[in-house]
Amino acid sequence: MSILLGCVADDFTGASDLANTLVKAGMRTVQLLGVPRKGLKVPEADCIIVALKSRSNPAEEAVTMSLAAMHWLRQQGARQLYFKYCSTFDSTDKGNIGPVADAMLDSIGADFTVFNPSFPTNKRTVYKGYLFVGDELLSESGMRHHPLTPMTDPSLVRVLQRQTRHKVGLVQYSTVVKGAAALRNAFDDLRKQGIRHAVLDSITDDHLMTLGEACADMKLVTGGSGMAMGLPANFIRQGLMQAGQRATLPKVTGPTVVIAGSCSVATQGQVALMRKDHEAFELDPMAIASGRDVAQDALDWAGKRLSEKPVLIYSTATPEQVKAVQNKLGREHAGSMVEETFGKIARGLVAKGVRRLLVAGGETSGAVVGALGVEGLAIGPEIDPGVPWTFSIGEPSLALALKSGNFGTPDFFTKAFKLQP
Ligand code: ADP
């Protein structure tokens, strides 16, 4: 198998977001959780994304991890490489976007790449090199208080310049609207001036399509998930891929369970709606803390109901309830206890024959996927913006819908059941 696009993503949910964008643009996409072990049978794909957990690691570690992922992708024949980071350019002055991009460029012997985190659908835009989140500059948005990567400078040129010894330049909106040829000329001009990194403006998806077209021959492109939007069309134009490719996805049969460990507003609504006409088991963090084997209780409860319609196992609670539990157990401890319990439950459910799992919550999804030992996912149809059905690689194949807490409409679960692969 020879792939067209090989992507290195600096976190798991970011990788899913990128995967979703590429599938919608017609690429058969596989997402791997880390560099795969030798012998893992990866399904036929146009694009492979290696999801790392490198965003907040020290720069040297992030570089080593990213290069390992990139080398593996090159061995798979990747024609073009993509480095995916967050749409809010999450990084500190010491890390990681500049160092990783530099190391990737050096390793492939290239001397120029572009940077663009914009994602207009989610209201991230770049104008004159300044990153906006909604109507606010990045530095005035909630990102200034981020616990790991506080962003206090909205100028991407300045932020990136502090992360690299190479020169950083800017291609402005006024050039972007002139089209792909003008952009390519601008890239050449910057390169002649010894500039190796160009931040790109973009405000709409149309701009992103133009940027993608201009980057058709670039060996390495970097950006959020939006910047990748225009790349699949290049492969179609070059005759390397047909439009509207669909992956052959495994047929999955077996009972369905919803696991909700998110307490976000959207999940609260989704849980309340599902409880109206489905059986549900509520997980009590205090019972877990008391030493009770709550995972076993949940499995015994579910065991009797699995042949019927989908069931719900949830710890979703109101902010007041969560606060009360956290006051008694500590925030971290409560969180990890609940996550671990869901991991055990997921393993037990699969042992009982469950083959479709919908999981609400970013951390909860990570815990479930980790407990199940999932190594990779083929990306299927989208249920709601940003949340596709996915299929685990290996045996048995599981259909997984992994939803970040605040995503999806109130009837998300029912929609997912209807679309059920
Ligand atoms: P989201 O995507 O909404 O942020 P996450 O799964 O990432 O959801 O995070 C939710 C966190 O809250 C997890 O660590 C989970 O274990 C924890 N949690 C879930 N239910 C409860 C509860 N009832 N009390 C306290 N903590 C909880």
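Residues numbered from 1 in each chain as written. Predicted model: local features only at pLDDT ≥ 70, side-chain atom pairs only at ≥ 80, totals over all residues. Heavy atoms only, no water.

Visitor: Even after reading the chapter, I still don't get the overall build of the protein chain, so can you show me in this structure?
Guide: The helix and strand inventory of the protein chain stands at 15 helices and 18 strands. Expected size for 421 residues packed as a compact globule is a radius of gyration near 22 Å; at 22 Å, the protein chain falls within 12% of this value. Taking all 421 residues of the protein chain together, 57% fall into the buried category. Within the protein chain, contacts between residues at least 6 apart in sequence are counted, and of these 73% link residues at least 24 apart. Of the charged side chains in the protein chain, 45 are positive and 41 negative; the average position of the first set lies 3 Å away from that of the second. (Helix = DSSP H or I, 4+ residues; strand = E, 2+ residues; numbered from the N terminus. Rg over C-alpha atoms; globule rule 2.2 N^0.38 Å. Buried < 20%, exposed > 50% of the residue type's maximum accessible area, 1.4 Å probe, protein only. Contact = heavy atoms within 4.5 Å. Lys, Arg positive; Asp, Glu negative; His and termini not counted. Charge placed at Lys NZ, Arg CZ, Asp CG, Glu CD.)

Visitor: Whenever I open this one, the packing of helix α13 (residues 331-351) against helix α14 (residues 362-372) confuses me. Can you help?
Guide: Helix-helix packing: each pair is described by the crossing angle between the helix axes and the interaxial distance. The N-to-C vectors of α13 and α14 enclose an angle of 45 degrees; their axes lie 8 Å apart at closest approach. Here α13 lies oblique to α14, going by the angle between them. The interaxial crossing formed by α13 with α14 has right-handed handedness. Counting all contacts with α13, which are made through E339, F342, G343, A346, R347 and V350, the residues of α14 involved are E363, T364, A367, V368, A371 and L372. (Axes fitted to C-alpha atoms, helices over the stretch in contact; angles between N-to-C directions. Parallel < 35°, antiparallel > 145°, perpendicular 65-115°, else oblique. Left-handed = near helix turned anticlockwise from the far one by under 90°.)

Visitor: How should I be thinking about the site of the ligand in this particular structure?
Guide: Near the ligand, the surroundings consist of 18 residues, among which S262, S264, E339, E363 and T364 are the closest. At a separation of 2.6 Å, an oxygen atom of the ligand approaches a polar side-chain atom of S262. Between an oxygen atom of the ligand and a main-chain N or O atom of G405, the distance comes to 2.8 Å. When isolated, the ligand has an accessible area of 580 Å², and the protein chains bury 82% of it. Elements that contribute at least two residues to the shell around the ligand include exactly α12 (319-329), α13 and α14. (Near = heavy atom within 4 Å. Polar contact = N/O pair within 3.5 Å; in protein donor to acceptor, adjacent residues only side chain to side chain. Areas by Shrake-Rupley, 256 points an atom, 1.4 Å probe, with all protein chains shown as cover.)

Visitor: How do you make sense of the domain arrangement of the protein chain when you look at a structure like this?
Guide: How large an interface is tends to be reported as the accessible area lost when its parts come together. Entries for the protein chain in the domain assignment read domain 1 (5-237) and domain 2 (256-419). Each of domain 1 and domain 2 was reduced to a C-alpha centroid, and the two centroids are 31 Å apart. Contacts between the two partners involve 14 residues from domain 1, matched on the other side by 14 residues from domain 2. Run the count over domain 1 and domain 2 and you get two salt bridges. For K24, the salt bridge is made with E382, and the minimal N-O distance between the two is 3.5 Å. On inspection of domain 1 and its partner domain 2, the count reaches six residue pairs in polar contact (both at pLDDT 80 or more). (Domains from an automatic or database assignment. Salt bridge = Lys/Arg side-chain N within 4 Å of Asp/Glu carboxyl O.)

Visitor: Would you mind going over the nonpolar core with me for this structure?
Guide: When a protein is soluble and globular, its nonpolar side chains tend to lie buried together. V114, F187, I313, L349 and L357 are the most contacted members of the largest nonpolar core, which has 75 residues in total. By residue number, the principal contributor to this core is α13, which donates eight residues. Summarising the domain contributions, this core has at least three residues from each of domain 1 (5-237) and domain 2 (256-419). Not counting residues within four places of it along the chain, the set of residues in contact with L357 comprises V257, I259, A346, L349, V350, V368, L372, W389, A399, L400 and A401. Grouped together as the second largest cluster of nonpolar side chains are 43 residues, V42, I48, A78 and V126 included. (Core = buried A, V, L, I, M, F, W, Y, C linked by side-chain atoms within 4.5 Å.)

Visitor: When you look at the environment of K352 in this model, what are you seeing that I'm missing?
Guide: For K352, the location among the structural elements is in the loop between α13 and β15 (356-360). Judged by relative accessible area, K352 falls into the partly exposed class, the value being 42%. C-alpha of K352 to C-alpha of L306: the two residues are 46 residues apart in sequence and 8.7 Å apart in space. Contacts of K352, omitting those with residues within four sequence positions, involve L299, G303 and L306.

Visitor: What is the right way to look at the packing of aromatic side chains in this model?
Guide: Any aromatic ring pair is given by two values, namely how distant the centres are and how the planes are angled relative to each other. As enumerated under the stated definition, the model contains six aromatic pairs in all. A centroid spacing of 5.5 Å and a plane angle of 45 degrees characterise the contact between F112 and F187, whose relative ring orientation is tilted. With F112 in the loop between α3 (97-108) and β5 (113-116) and F187 in helix α6 (residues 180-192), this residue pair connects regions lying 75 residues apart in the sequence. Comparing F112 with F187, the two get one shared label, buried. (Phe/Tyr/Trp six-rings, centres within 6.5 Å; stacked < 30°, edge-to-face > 60°.)

Visitor: Help me understand the sheet that holds strand β6 (residues 124-127), please; the structure alone is not making it clear to me.
Guide: Within a sheet, neighbouring strands are paired by backbone hydrogen bonds and run either parallel or antiparallel to one another. Taken in spatial order, the three strands make up an open sheet running β6-β7-β8, and their pairing is antiparallel. Strand pairing shows two members of the sheet lacking a second neighbour, β6 and β8 (136-137), which therefore form its edges. Across two bridges, the pairing between strand β7 (residues 130-133) and β8 is antiparallel. Residue V133 lies in a different strand from β8, and its bridge partner there is E136. (Pairing = 2+ DSSP bridges.)

Visitor: Honestly, the state of the cysteines in this entry has me stumped. Any pointers?
Guide: Overall, the coordinates contain zero disulfides when judged by the stated rule. Of the cysteine sulfurs around C47, a residue in no disulfide, the closest is that of C7, at 3.9 Å. Taking the relative accessible area as the measure of exposure, C47 reaches 0% and is therefore buried. (Disulfide = S-S within 2.5 Å.)

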